[in-house]
Amino acid sequence: SPPDIEVRLGEPRTGGPGFLVPVTVVNRGGETAEGVTVEVVLEGSGSSEPERGELTLAFLPRGGTREGWVAFQTDPRNGGQLKALSWFSRAIAFGG
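Every chain is numbered independently, its residues counted from 1 as its sequence is written. For this predicted model, a pLDDT threshold of at least 70 governs which residues receive local features, and a threshold of 80 or more governs which side-chain atom pairs are given and counted, while totals over whole chains, interfaces and linings are taken from all residues. The basis for the side-chain values is all heavy atoms of the structure; hydrogens and waters are excluded.

Draft legend 1. Inspection of the pattern of salt bridges at higher detail. Put simply, a salt bridge is a Lys or Arg side-chain nitrogen that is within 4 Å of an Asp or Glu carboxyl oxygen. Counted by the stated rule, this structure contains six salt bridges. For glutamate 39, the salt bridge identified is with arginine 52, shortest N-O distance 3.6 Å. With glutamate 39 in strand S4 (residues 32-43) and arginine 52 in strand S5 (residues 51-60), this residue pair connects regions lying 13 residues apart in the sequence. A salt bridge links glutamate 43 to lysine 83; the nearest nitrogen and oxygen atoms lie 3.1 Å apart. Highlighted residues: glutamate 43 in strand S4 and lysine 83 in strand S7 (residues 81-87), separated in sequence by 40 residues. When its relative accessible area of 37% is taken as the criterion, lysine 83 is described as partly exposed. Ionic contacts of the salt-bridge type, sharing partners, join the residues Glu6, Arg8 and Arg28 into one network. Runs of E in the DSSP output that reach at least two residues are strands. Runs of H or I that reach at least four are helices, and both are numbered from the N terminus. Throughout this description, buried means an accessible area under 20% of the type-specific maximum (1.4 Å probe, protein chains only), exposed means over 50%, and partly exposed covers the range between.

Draft legend 2. View of the environment of arginine 28. Secondary-structure assignment places arginine 28 in the loop between strand S3 (18-27) and S4. Distance in space between the C-alpha atoms of arginine 28 and threonine 65 is 9.1 Å, their sequence separation being 37 residues. The contact rule is simple, with two residues in contact once any of their heavy atoms fall within 4.5 Å. With sequence-adjacent residues up to four places away left out, arginine 28 is seen in contact with Asp4, Glu6 and Arg8. Pairs of N or O atoms are called polar contacts if they sit within 3.5 Å, as long as, within protein, a hydrogen donor faces a hydrogen acceptor (for residues adjacent in sequence, only side-chain-to-side-chain pairs). A distance of 2.5 Å separates a polar atom in the side chain of arginine 28 from a polar atom in the side chain of glutamate 6.

Printed below as a string of structure tokens:
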């Protein structure tokens, strides 16, 4: 089966010059995903424009899990709403 990407966002925390949101990416499909991009969008946190952060993974194997962080300048805990979008460039099926 093709890659089936699931994204989970953790609790935002203060980190460095801004705020960090932990991101967990899981491939529930039967094929490896190549060129995985996760875009996290922060809306409604007092700014007129949504703030965006991105996490890129070269590969996400079938059944695999990867973790990372997305940074924001605005505190997502101040009434903002986080949304995650994900896509990949191609699926890789290994013979066997």
